[in-house]
Amino acid sequence: MHTLERKWGSILLGMIPALLIYSIFCIFPIFISFYYSFMDWNGLSTMSFIGLDNFKEVLRDSIFWKGALNNLYVVLASVFGQVPIALGVALLLNSKLKFLGIFRTIGFLPVVISSVIVSVVWNMIYNYEIGPLNGILRAVGLDSLARNWLGEPATAMGSVNVTIVWQFIGMYLVILLAALQNIPSEIYEAAEIDGATGWQRTWRITLPMLKSTILVCVMLCISGSLRTFDLIYAMTNGGPFHSTEVMAIYMYNETFSSLRYGYGSAVSLLIFIFSFVLIMTTNKLLKPKDD
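As a starting point, this report considers the structure included with it. Every value quoted in this text rests on a predicted model; they were computed, and no experiment measured them. (Residues numbered from 1 in each chain as written. Predicted model: local features only at pLDDT ≥ 70, side-chain atom pairs only at ≥ 80, totals over all residues. Heavy atoms only, no water.)

What to know about the nonpolar core
Val58, Phe64, Ile222 and Val267 are the most contacted members of the largest nonpolar core, which totals 41 residues. Elements that contribute at least two residues to this core include exactly α3 (53-60), α4 (62-93), α8 (153-181), α9 (185-193), α11 (211-226), α13 (247-257) and α14 (261-286). For this core, the element with the most residues is α4, which contributes nine residues. Look past the residues within four positions of Phe64 in its chain and what remains in contact with it is Val58, Met247, Tyr250, Val267, Leu270 and Phe274. (Core = buried A, V, L, I, M, F, W, Y, C linked by side-chain atoms within 4.5 Å. Buried < 20%, exposed > 50% of the residue type's maximum accessible area, 1.4 Å probe, protein only. Helix = DSSP H or I, 4+ residues; strand = E, 2+ residues; numbered from the N terminus. Contact = heavy atoms within 4.5 Å.)

A word on the layout of surface pockets
In this model, the largest pocket occupies a volume close to 870 Å³. The wall of the largest pocket is formed by 27 residues, among which Ile30, Ser33, Met251, Ser268 and Phe272 lie closest to the centre. For the lining of the largest pocket, the secondary-structure elements that each account for two or more residues are α2 (8-36), α11, α13 and α14. In terms of residue class, the lining of the largest pocket is made up of 19 nonpolar, seven polar and one charged. Its boundaries defined by the atoms lining it, the second largest pocket holds a volume of some 440 Å³. Lining the second largest pocket are 16 residues, and of these Asn94, Ser95, Leu180, Tyr188 and Thr206 lie nearest its centre. Where the lining of the second largest pocket is concerned, the elements lending two or more residues are α4, α8, α9 and α10 (198-209). (1 Å grid on protein atoms, 1.4 Å probe; cavity = no way out; pocket = protein on both sides within 12 Å on 5 of 7 lines; lining within 4 Å. Points joined across faces, edges and corners; volume = space filled by probe spheres on them. Nonpolar A, V, L, I, M, F, W, Y, C, P; charged D, E, K, R; others polar.)

Here we look at the side chain of Thr206
Along the polypeptide, Thr206 turns up in helix α10. When its relative accessible area of 4% is taken as the criterion, Thr206 is described as buried. With residues near it in sequence (within four places) discarded, Thr206 still touches Leu91, Leu180, Ile183, Tyr188 and Arg201.

By themselves, these are just geometric observations and shouldn't be taken as functional.
Right, here's the structure in full:
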């Protein structure tokens, strides 16, 4: 303890550059955005104070609420798609496989691939004329199911969600696999001696010991889903007819296409508030009671 106290000054000095960079690029823009949200400003002319008018207009805009609902769809698809699939694959890989590192790399590969490349590949998969998805349906005699997956409002959001789930499974796979490998093997050996089956060991030992890690994965899913932008923007640009538009795309269009920086700042603050409330609520509901 005394050694830590003597080195506290050095530790603080070493943290200052990182804290400074984080404050400039993360904390300071939040306060600037808060200031802009009360202004009517197109980025060039003089700003004029309009109070809460931007917030009132946002909350009355049906397209914004459509984007909020689409964000909720992405959250649900991510939480109930990415985490369970990643957990299932992690449980399968949590064995003495010879090429575990290769499987882990393959699983994580979609996460590091550019979202633009992912969007191009999945646009080709969903293509009505030459896409392999419709090609398979036609080959097995299900021509009636072939459709323009990204061009029809009824299927566009679901198709985008499939791509989002596919791209980020690998991130949670690596997190959960690392957590699984940190569970002491002695616990499983003792349970096996007591006659516990594989399912009982998974249900009674593995899952309870992964609760905290699963909660972290859920939090990451929610925060990432509410900030999703690039993949949907590259695939559909929010169309058709705003059917895949999320809050971030709505904010981008209003800020940079319509040159309404004050209005866009108000939207960004509402996204922040929605994210904070949803994450805190989920954390409260899922946090283990004994913490």
